[in-house]
Amino acid sequence: MKVIFGRQKQEPYAPPSINEWSIVPYPRNVSVLIYSLFIALTIFLFMPYLLGWGIGCREMRPFYGLLMIIFSFILIPFHELFHAIALPSCGSETTINFRWSFIVGRKKKKKELSRMGYIIFLLAPTLILTIFPLFCHLVFRPKNQIMAIIALVNAVSSCFDYFNIGYVLINIPRNSVILSNKGKVYWKKKGMHVNNSAF
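On a predicted model such as this, the values are computed, not experimentally measured, just so you know.

Undergrad: An account of the sheet that holds strand β7 (residues 184-189) is requested, with residue identities and associated values reported.
TA: Ordered by their spatial adjacency, four strands build an open sheet running β2-β7-β6-β5, and the pairing between neighbours is antiparallel. Either end of the sheet is taken by a strand with one partner, and the two such strands are β2 (22-23) and β5 (113-114).

Below is the structure:
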């Protein structure tokens, strides 16, 4: 795995053959944004209730509200980093590019992911930054609420990941492989000339 700071020169990559791959018909950006914000709002309203903070954090101390805002910025690079680490065979072929505004994980060779592998890739930050902190908070019951805040902030910021997971589950058959290329997602049945499938 190689780490690069600053803008990385991208190697040209031809889109996959339309004869082998089917493009996933994603909704327009506005629709995706609306659905994702609805997911985020639902999480923000009801997850704090389960944690004892009331619906929408009404009973949370103001200090913890300030921490939520701070963690919203701190967790972004770690969220993207765990996406990158979750790429299959995260080794010499994977580059993690640190830039001012975001982190991007890329592979030198575009590799297909199984449907489950793609879902794991999308869920990786949730497993590490939401499920694990939430488990620690509920089991060990620490005096402060830091672990719970981390879990909540990451869960809300993962709304686009959750939308994508739902969309993949609904629109892509089980026995398929997926390839993401320049913002578009393609799929095909396993065994159709797949040379470098992962998972």
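That shown, we press on.
Undergrad: Give a detailed account of the nonpolar core, specifying residues and quantitative values.
TA: Judged by nonpolar contacts, the single largest core of 17 residues is most densely connected at Met47, Phe71, Leu75, Ile149 and Val153. Breaking this core down by element, the ones donating at least two residues are α1 (29-50), α2 (62-85) and α4 (146-157). When residues of this core are assigned to their parent elements, the largest contribution, seven residues, is made by α4. In this structure Leu75 touches Leu129, Ile150, Val153 and Asn154, once residues within four positions along its chain are discounted. In this structure, Ile119, Ile165, Val168 and Ile172 belong to the second largest nonpolar core, which totals 16 residues.

Undergrad: Lay out a nonpolar patch on the surface in plain terms, naming residues and giving numbers.
TA: Taken together, the side chains of Leu66, Ile70, Ile74 and Phe78 define a hydrophobic patch exposed on the protein surface, amounting to about 350 Å² of accessible area. Looking at the secondary structure, you find Ile70 in helix α2. Residue classification places Ile70 among the partly exposed residues on the basis of a relative accessible area of 39%.

Undergrad: Give me the packing of α1 against α4: which residues, what numbers.
TA: α4 packs onto α1 with a crossing angle of 160 degrees between their chain directions and a minimal axis gap of 8 Å. In terms of orientation, α1 and α4 fall into the roughly antiparallel class. For the crossing formed where α1 meets α4, the hand is right-handed. Touching Ala40, Ile43, Phe44, Met47 and Pro48 of α1 are Ala151, Leu152, Ala155 and Val156, all from α4. By residue class, the composition of the contact of α1 with α4 is nine nonpolar, no polar and no charged.

What counts, and at which threshold
- Residues numbered from 1 in each chain as written.
- Predicted model: local features only at pLDDT ≥ 70, side-chain atom pairs only at ≥ 80, totals over all residues.
- Heavy atoms only, no water.
- Pairing = 2+ DSSP bridges.
- Helix = DSSP H or I, 4+ residues; strand = E, 2+ residues; numbered from the N terminus.
- Core = buried A, V, L, I, M, F, W, Y, C linked by side-chain atoms within 4.5 Å.
- Buried < 20%, exposed > 50% of the residue type's maximum accessible area, 1.4 Å probe, protein only.
- Contact = heavy atoms within 4.5 Å.
- Patch = residues over 30% accessible without salt bridge, like charges linked within 9 Å, V, L, I, M, F, W, Y side chains within 5 Å.
- Areas by Shrake-Rupley, 256 points an atom, 1.4 Å probe, with all protein chains shown as cover.
- Salt bridge = Lys/Arg side-chain N within 4 Å of Asp/Glu carboxyl O.
- Axes fitted to C-alpha atoms, helices over the stretch in contact; angles between N-to-C directions.
- Parallel < 35°, antiparallel > 145°, perpendicular 65-115°, else oblique.
- Left-handed = near helix turned anticlockwise from the far one by under 90°.
- Nonpolar A, V, L, I, M, F, W, Y, C, P; charged D, E, K, R; others polar.

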